[in-house]
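Reading the structure
Residue strings, one per chain:
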Amino acid sequence: MAAGSDAPQPPEIQSADAIEGSNAWRVLVLLSPGDEMGLVGELGSEFARSQKGELILACLVPAGDSDREAHGRETLEKAFTRAADDEITVHHAILIPVKDNQILDPVRRLVANGSIDLILMRSDRKAAELLKKPGCDIGILRGKREQLDQEPAATLIDSILVPMDFSEHSERALDYAIGLAEKSGAKIHLLH
């Protein structure tokens, strides 16, 4: 677009410490350098939209590795561009340096300091570490990279399982599942 147009400007890439708490419902989409926003980003956006909340993108990079940090910045910029093309608002873009592959502490600090309500990420070796009390709800998407990189979710989802305990969280999950099922034609299964 031409200079001076109404094109969304990418958020400044920040450190995790720069994100302050908020009363808004927040979903954090965790990416690794080279990841596409894809399905994880689409679902994160839908969660944020359904809760009238905020979408935050973060990329985990090895601390002190300037090449991987640059690749992480590229990943965030590319994800923002894709989000803008799909009319998705990204409220923050964060680069998270990780020492010795220990992602739990920096993510846990971000969850606490940034008032994160949900983490969405792809399944990989890092996912298992985050399952150890991340401080908020977490959703992990499994699948082949080429499936997770594509959109829309409606082409991939044919069945949605919603665990129900009749709490506020499970009711919110059911509301979201209904909206997603309407878009995708998926069947909803409730588990109590």
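Here's what I pulled together on the structure shown here. (Residues numbered from 1 in each chain as written. Predicted model: local features only at pLDDT ≥ 70, side-chain atom pairs only at ≥ 80, totals over all residues. Heavy atoms only, no water.)

Grouped together as the largest cluster of nonpolar side chains are 37 residues, with contacts concentrated most on Leu43, Leu55, Leu120 and Ile160. Going through the elements one at a time, β2 (26–31), α1 (38–50), β3 (54–62), α2 (66–85), β4 (92–98), β5 (118–122), β7 (159–163) and α6 (168–184) are the ones with two or more residues in this core. Once residues lying within four places of it in the same chain are set aside, the contact partners of Leu120 are Val27, Leu28, Val29, Leu30, Val40, Leu43, Gly44, Phe47, Gly139 and Leu141. Within the second largest apolar cluster, 18 residues are counted, among which are Leu60, Val107, Ile116 and Met121. (Core = buried A, V, L, I, M, F, W, Y, C linked by side-chain atoms within 4.5 Å. Buried < 20%, exposed > 50% of the residue type's maximum accessible area, 1.4 Å probe, protein only. Helix = DSSP H or I, 4+ residues; strand = E, 2+ residues; numbered from the N terminus. Contact = heavy atoms within 4.5 Å.)

Note on placement: Glu46 falls in helix α1. Not counting residues up to four positions away in its chain, the partners in contact with Glu46 are Tyr176 and Lys183.

All right, on to α1 then. With 13 residues, α1 should reach 18 Å at 1.5 Å per residue; the first-to-last C-alpha distance of 18 Å fits that figure. Most of α1 is tucked away: 11 of the 13 residues are buried. Two residues or fewer past α1, Lys52 is found with a positive phi of approximately 55°. (Expected span 1.5 Å × (residues − 1).)

This brings us to the pattern of salt bridges. All told, the structure shown has six salt bridges when counted by the stated rule. Measuring nitrogen to oxygen at the nearest pair gives 3.3 Å for the salt bridge that ties Arg49 to Glu46. Here Arg49 and its partner Glu46 are both found in helix α1, three residues apart, which amounts to about one turn of the helix. A residue is classified by how much of its surface remains accessible, and Arg49, at 47% relative accessible area, is partly exposed. Linked through salt bridges whose partners overlap, the residues forming this network are Glu36, Lys78 and Arg82. (Salt bridge = Lys/Arg side-chain N within 4 Å of Asp/Glu carboxyl O.)

It is worth spelling out the environment of Leu60 at this point. As for its position among the elements, Leu60 is in strand β3. Judged by its relative accessible area of 5%, Leu60 falls in the buried class. For Leu60 and Pro33, which are 27 residues apart along the polypeptide, the C-alpha to C-alpha distance reads 7.2 Å.

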